[in-house]
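A structural walkthrough
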Amino acid sequence: MASDEIKNPALDPDTDSPGKPGHELAEFGAGCFWGVELAFQRLEGVVKTEVGYSQGHVHNPNYRLVCTGTTNHTEVVRVEFDPSVCPYTNLLSLFWSRHDPTTLNRQGGDAGTQYRSGIYYYSEEQARLAKESLDEKQKSLKNKIVTEILPAKTFYRAEEYHQQYLEKGELSGSKQSARKGCNDPIRCYG
């Protein structure tokens, strides 16, 4: 690296590790992270979820900055899971069911690069399974899938009030269940 080049930690691979041996990390962008996180919280074998920002070029971004659309970050949910209980393919199935992967930088009324669809992998096995699942999902859709599949970059944990936002009942005061196996409709508001 030339002496005038500055290393950008935002572009580094995510080197965080799961909290327990035998567990794995996975990361998904599927629009607003609040509803996506609650869906993953309810999945058997998911032991921890965090929402944050990844895939951008600004070190240590915050929500306000990400929302300007100038950082290229996406809102992501990082999941720690036990693959002996919840195979990665279960996470992929939930991911595809939670959003429209054919809309570029948009989910419902939310528009901007931070709402893009993405699977950010931690291993070559995850990359392979993600690509296979995209090919399979494409067979059932008329429009082309725009989901990006890339290595997970540095994860920046979102502000505390965003964590488990719907479970805590933020804004509306109406808490939503994160109980494993819960099938209650997820109400997302923002």
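This is a predicted model, so every value here is computed, not measured. (Residues numbered from 1 in each chain as written. Predicted model: local features only at pLDDT ≥ 70, side-chain atom pairs only at ≥ 80, totals over all residues. Heavy atoms only, no water.)

Moving on to helix H1 (residues 33–41). Taken across its 9 residues, H1 has 9 buried, putting it largely inside the fold. Among the residues of H1, Phe33, Trp34, Gly35, Val36, Glu37, Leu38, Ala39, Phe40 and Gln41 are the ones counted as buried. Structurally, H1 contributes buried residues whose contacts are with strand S1 (24–30), strand S2 (46–54), strand S3 (74–81), helix H3 (88–97) and helix H5 (165–168). (Buried < 20%, exposed > 50% of the residue type's maximum accessible area, 1.4 Å probe, protein only. Helix = DSSP H or I, 4+ residues; strand = E, 2+ residues; numbered from the N terminus. Contact = heavy atoms within 4.5 Å.)

What follows deals with the packing of H3 against helix H4 (residues 124–138). Where H3 meets H4, the axes come as close as 10 Å, and the angle between the chain directions of the two elements is 40 degrees. When the interaxial angle is binned, H3 and H4 end up oblique. In this structure, H3 meets H4 at a crossing whose hand is right-handed. Contact residues: Tyr88, Thr89, Leu92 and Trp96 in H3; Gln126, Leu129, Ala130, Ser133, Leu134 and Lys137 in H4. Grouping the amino acids of the contact of H3 with H4 by side-chain chemistry returns 6 nonpolar, 3 polar and 1 charged. (Axes fitted to C-alpha atoms, helices over the stretch in contact; angles between N-to-C directions. Parallel < 35°, antiparallel > 145°, perpendicular 65-115°, else oblique. Left-handed = near helix turned anticlockwise from the far one by under 90°. Nonpolar A, V, L, I, M, F, W, Y, C, P; charged D, E, K, R; others polar.)

Its 15 residues place the ends of H4 21 Å apart at the C-alpha level, agreeing with the 21 Å of an ideal helix rising 1.5 Å per residue. Where H4 is buried, its residues touch S1, S3, H3, strand S6 (117–121) and strand S7 (148–151). (Expected span 1.5 Å × (residues − 1).)

Strands sit in the order S7-S6-S1-S3-S2-S8 across an open sheet of 6 strands; the sheet is mixed. The sheet is open, and its two borders are formed by S7 and strand S8 (156–157), each paired with just one other strand. Those strands touched by H1 are S1, S2 and S3, and its axis lies near 160 degrees from that of S2. The strands touched by H3 are S1, S2, S3 and S6; relative to S1, the strand with the most contacts, the crossing angle is about 10 degrees. (Pairing = 2+ DSSP bridges.)

Bringing the UniProt feature "domain: Peptide methionine sulphoxide reductase MsrA" (unreviewed entry) in the chain into the picture now. Here the UniProt-annotated "domain: Peptide methionine sulphoxide reductase MsrA" (unreviewed entry) positions come out as residues 27–169. When the span residues 27–169 is considered, its composition is 29% helix and 25% strand, and the gap between its end C-alpha atoms is 23 Å. (UniProt positions renumbered as here; feature names shortened; annotations may be inferred.)

Attention now goes to the packing of aromatic side chains. The tally for this structure, following the rule as stated, stands at 7 aromatic pairs. Note on phenylalanine 33 and tyrosine 53: the rings are 6.0 Å apart at their centroids and 45 degrees apart in plane angle, and the pair reads as tilted. Here phenylalanine 33 is found in helix H1, whereas its partner tyrosine 53 is found in strand S2, with 20 residues between them in sequence. When sorted by exposure, phenylalanine 33 lands in the same class as tyrosine 53, which is buried. With a centroid separation of 4.8 Å and an interplanar angle of 65 degrees, the aromatic rings of phenylalanine 95 and tryptophan 96 are classed as edge-to-face. Each of the two residues, phenylalanine 95 as well as tryptophan 96, counts as buried. Ring pairs connect the aromatic residues Phe28, Phe40, Phe81, Tyr88, Phe95 and Trp96, which therefore count as one cluster. (Phe/Tyr/Trp six-rings, centres within 6.5 Å; stacked < 30°, edge-to-face > 60°.)

Turning our attention to the pairing of S2. The buried fraction of S2 is high, at 7 of 9 residues. Taken together, the 8 bridges between S2 and S3 define a ladder with antiparallel strand orientation. The residue bridging glutamate 50 from the neighbouring strand is arginine 78, located in S3. Of the strand pairs in this sheet, S2 and S8 are connected by 2 bridges, and their pairing is antiparallel. Residue pairing across strands places glycine 52 opposite arginine 157, the latter belonging to S8.

With 39 residues, the main nonpolar core has Phe28, Phe40, Tyr88, Leu91, Leu92 and Ile119 as its most contacted residues. For this core, the secondary structure elements donating two or more residues are S1, H1, S2, S3, H3, S6, H4 and H5. (Core = buried A, V, L, I, M, F, W, Y, C linked by side-chain atoms within 4.5 Å.)

Here we take up unusual backbone geometry. Residues other than glycine seldom take positive phi values, yet glutamine 55 does so here, at roughly 75 degrees. With relative accessibility at 4%, the residue glutamine 55 sits in the buried group. Backbone geometry at asparagine 72 places phi at a positive 65 degrees, although glycine is not the residue there. Within the secondary structure layout, asparagine 72 lies in the loop between helix H2 (63–66) and S3.

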